[in-house]
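# Coordinate analysis (summary)
Single-letter residue listing:
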Amino acid sequence: MGDLQLALILAAVSPAIGGVLIRGEKGTAKSTAVRALTEILPTVEVIEGCRFSCDPANPDPICPDGPHAAAANDSGAGVALRTTPGSHTVPAPDTSGEGSLPAAISRPARLVELPVGATEDRVLGSLHLERALSEGVTVYEPGLLAAAHRGLLYVDEVNLLHDHLVDVLLDAAAMGRATVERDGVSITHPARFVLVGTMNPEEGELRPQLLDRFGLTVDVVASRDPAVRVEVMRARLTYEADPTAFIGKYAGVQAELSERIVKAQSRLADVILTDAALRQIAEICASFDVDGMRADLVTARTAVAHAAWSGRTVVEVEDVRAAAKLALPHRKRRNPFDAPGLDDEQLEQAIQNSTPPDPDPEDDPEDDPDGGPDGAPDGGPDGGNPDGPDGTSPTDTDRAPNTDADHPDATQPPADAADPDKSDNAGSALPGPAPTGQVAASSEPYKARLLSVQSAGAGVAGRRSRALTEVGRVVGDRARVGRESGRPHLLATIRTAAPHQHARGRSGRGLAVRTSDVRLAVREGREGNLVLFCVDASGSMGTKKRMTEVKTAIVSLLLDAYQRRDTVGLVTFAGADATVALPPTGSVETAVRRLESLPTGGRTPLAEGLLKASDVLRIAAIRDPRRRPLLVLVTDGRATAGDKAFAKAKQAAGWLAQQGIASVVLDCEPHRGVRLGLAAELAADLGAEYLDLGEVAAGKLVRAVTERSAA
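Residues numbered from 1 in each chain as written. Predicted model: local features only at pLDDT ≥ 70, side-chain atom pairs only at ≥ 80, totals over all residues. Heavy atoms only, no water.

Right, let's get into the pattern of salt bridges. A complete count under the given rule lists 27 salt bridges for this structure. A salt bridge links Glu 318 to Arg 321, with the shortest nitrogen-to-oxygen separation between them at 2.8 Å. Of the two residues, Glu 318 and Arg 321 both sit in helix H13 (residues 317–327), three residues apart, roughly one turn of that helix. The class of Arg 321 is buried, set by a relative accessible area of 17%. Ionic contacts of the salt-bridge type, sharing partners, join the residues Asp 212, Arg 294 and Arg 331 into one network. (Salt bridge = Lys/Arg side-chain N within 4 Å of Asp/Glu carboxyl O. Helix = DSSP H or I, 4+ residues; strand = E, 2+ residues; numbered from the N terminus. Buried < 20%, exposed > 50% of the residue type's maximum accessible area, 1.4 Å probe, protein only.)

Given below as structure tokens:
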């Protein structure tokens, strides 16, 4: 937990770092640590009555509640400071004279939580609907971004945040302000906050754009040391028995920590970041091949904050090391399936390579007039050629004659003969079948075509299939069901209420609107689907090369699912039964790892695979009924397990079709020799879209197929 505590403290010392992302398994106190941070943060002074928490010493010129007066004037009057509950007392200058400034208050730092299911209106703010309809006035009601200004914005399970909310956060984090242009409201307000997010990687990764906006990242794992686990349990049980006494026990330590943060903040402007430290940071970031310049800037700001926290006024190597460990792990990933983290040995090597050597007095050339340690002008032992007396290098003289590299042993077989994959048969037209249990690796993934659910319906906002979602273009309106929340359709609401104004005794401005008049907007956009892969892992998949092509195609589709924010699952069938290799999850990385370790061999229980996929989809529909499924069956169509295996497979396919499950069949049958066409026949029974394995790549599709699949 040391890195987690340090990251949160450094973000508090210097909010310009850009926030903290905390990754870790469930039950590792991620949320507890974030909420505890507010207990040690300094209080914040704000102008009283300002809904956007403006600093009385520097009011924001774009504040919608402004203009605010300056923090000082010629008469010498200052800002009257009062306190809110939970804050310390701040002396208030006299404001009774002419030109006195608006009163200000000092309150605790604010932690604003952004729920995963929050609406865009709640995050950005929107028109105050009740006053607009009853009083006929346009009033802006601030959202969560306004409340988080000059504080912390905390998003639990940030990796599950809807894409439209991610876009809102990206804009606010990049610009330091939020802009609202909707429903007759046109407002820009300050929104500078420290973004803190927690997530469980098993439930899926973050979009790269949002991931890069977090200044620092920390991976948290539970200790496997029994002594540490005992201390955690003892502390928790003690707190539950008497919370007041437990908090009082650590009040002194909390106060010292808070005071140290204040001192570090005041020292921050005095810390010197030397040219040598800047050069070292640049070389370290370049050695890890990170994209853009944000990594360099965040590392520099973090190093300065670490120096201030450590009580130093000059950035040292230790500050750069600590900053790099927190700022670089999530920025060195080259593709979504790379494992996060930082290689400590690589970091130490980069620091060593970028650190200028200290001058050694013993190596002063004035002490060695002859120029070499042995008295030779060129450093050689004889004063001659530095490579040696005969002009050869030590490497040449040390090499033994007749090495294997120059004269291979005639009795030793060549490397290709020892490795069956490198023999002549490896690239032949008719290689042998893959043995049972053999694992084939995938090759470089490519851009995959779009597979989508063809029928329209309601779903979870995403990027794959057309559906009615919470975001998108307005295509109609509907009545509100019970106390259902959602963005209202203003024109439709007014149109519904207008005929009843006389009967309701309306007088003066505004409309007499009742709850039954409110109409909600119906929007059409893109949804995220549950993409369930049902993969044939039997011996009928043939050669290792063929299974490599299959895995590469699936990995490419998984990469597409990652980019479209889908949920994925994996069912495999081989031998006598089918197995759920991965239940539906948002972690595409886990699916890739399971797929890469998938062995092949045995008979082909195709019917069992389809039935197992049906069970997985049935359970998933109960847990998440709004996420529509897309079944991707990867097979050559052969069924060899049991009597009448193919007939049973056709029967299972027909049953799935009756359930209305959208599906796609990827035919893996080789093109050489006689093609049986069983996969195409199975696709007809499923009512599925049929694709040859080679058609997965987007660049190989004809225009007609592309337009039909994206419709």
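More follows now that the structure is in view.
Let's shift gears to the sheet that holds strand S17 (residues 530–536). Ordered by their spatial adjacency, six strands build an open sheet running S19-S18-S17-S21-S22-S23, and the pairing between neighbours is mixed. At either margin of the open sheet sits one strand with a lone partner, and together these are strand S19 (577–585) and strand S23 (689–692). Across the sheet, the axes of successive neighbouring strands diverge by a mean angle of 15°, strand direction being ignored. Pairing of strand S18 (residues 567–574) with S19 involves six bridges; the strand directions are antiparallel. Bridge pairing in S19 places Ala 574 opposite Asp 577. (Pairing = 2+ DSSP bridges. Axes fitted to C-alpha atoms, helices over the stretch in contact; angles between N-to-C directions.)

In this fold, Arg 466 is placed in strand S14 (residues 460–469). Along the backbone, Arg 466 and Gly 525 are 59 residues apart, and their C-alpha atoms lie at a distance of 5.8 Å.

To continue, consider the nonpolar core. Soluble, globular proteins show a tendency: their nonpolar side chains are buried together. Judged by nonpolar contacts, the single largest core of 57 residues is most densely connected at Ile 284 and Leu 328. In this view, Leu 328 contacts Ile 284, Cys 285, Phe 288, Val 290, Ala 295, Thr 299 and Leu 342; residues no more than four positions away in its chain are not counted. Residues Val 112, Leu 124, Ala 148 and Phe 193 belong to the second largest nonpolar core, which totals 39 residues. (Core = buried A, V, L, I, M, F, W, Y, C linked by side-chain atoms within 4.5 Å. Contact = heavy atoms within 4.5 Å.)

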